[in-house]
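Next come the chains, spelled out residue by residue.
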Amino acid sequence: MSTLFDAGLQPERTELAWRRTALALAAGSLVAFRLLPAVLGNAWWSLGGVAGLIVTAAVYLAARRRYRRVNDVLRREGDHARLPGAGAILALALFIFTIGITSLAVVLVVALHVGSH
């Protein structure tokens, strides 16, 4: 009996994509950690970079765990209904949305502050 699952390829590609996402998050977090305090003049802004690095670690670990789970499920014939869900995608989307709204608020506050002087 032939199987539709090519061992390791699809789950591995997905995990590699999540690794690239984690790398991009880490790079953005390091830039935020370095530049936000210098540009906005308050050391508390470095916490955004720290939060980003924590989320990066969580995304990377979740991708590894999901890869192992998907691979295990796909290796067993007929048990494909137990594939993991999209919780990591939802969590990452909510984090990115929060960062976007926060960034917009910071830009508006700085623009209003500069405009009033």
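Procedures and definitions
- Residues numbered from 1 in each chain as written.
- Predicted model: local features only at pLDDT ≥ 70, side-chain atom pairs only at ≥ 80, totals over all residues.
- Heavy atoms only, no water.
- Helix = DSSP H or I, 4+ residues; strand = E, 2+ residues; numbered from the N terminus.
- Buried < 20%, exposed > 50% of the residue type's maximum accessible area, 1.4 Å probe, protein only.
- Contact = heavy atoms within 4.5 Å.
- Areas by Shrake-Rupley, 256 points an atom, 1.4 Å probe, with all protein chains shown as cover.
- Core = buried A, V, L, I, M, F, W, Y, C linked by side-chain atoms within 4.5 Å.

Chemist: Tell me what's going on with the overall build of the chain, and back it up with residues and numbers.
Modeler: Tallying secondary structure elements over the chain gives three helices and zero strands in all. When the helices and strands of the chain are placed in sequence order, the string is α-α-α. Of all 117 residues assigned to the chain, the portion counted as buried reaches 23%. When contacts within the chain are restricted to residue pairs at least 6 apart in sequence, those whose partners lie at least 24 apart make up 66%. Accessible area of the chain: about 8,400 Å², with a carbon and sulfur share of 69%.

Chemist: Can you explain the nonpolar core? Please cite residues and give values.
Modeler: Listed in full, the seven residues of the largest apolar core are Trp18, Ala22, Leu25, Val59, Ala63, Leu92 and Phe95. Sorting the residues of this core by element identifies helix H1 (9-40), helix H2 (46-75) and helix H3 (87-115) as the ones contributing at least two each. A total of three residues in this core trace back to one element, the largest contributor, which is H1. In this structure Ala63 touches Glu15 and Trp18, once residues within four positions along its chain are discounted.

So, to be careful, I would describe these as geometric facts and stop short of saying anything about function.
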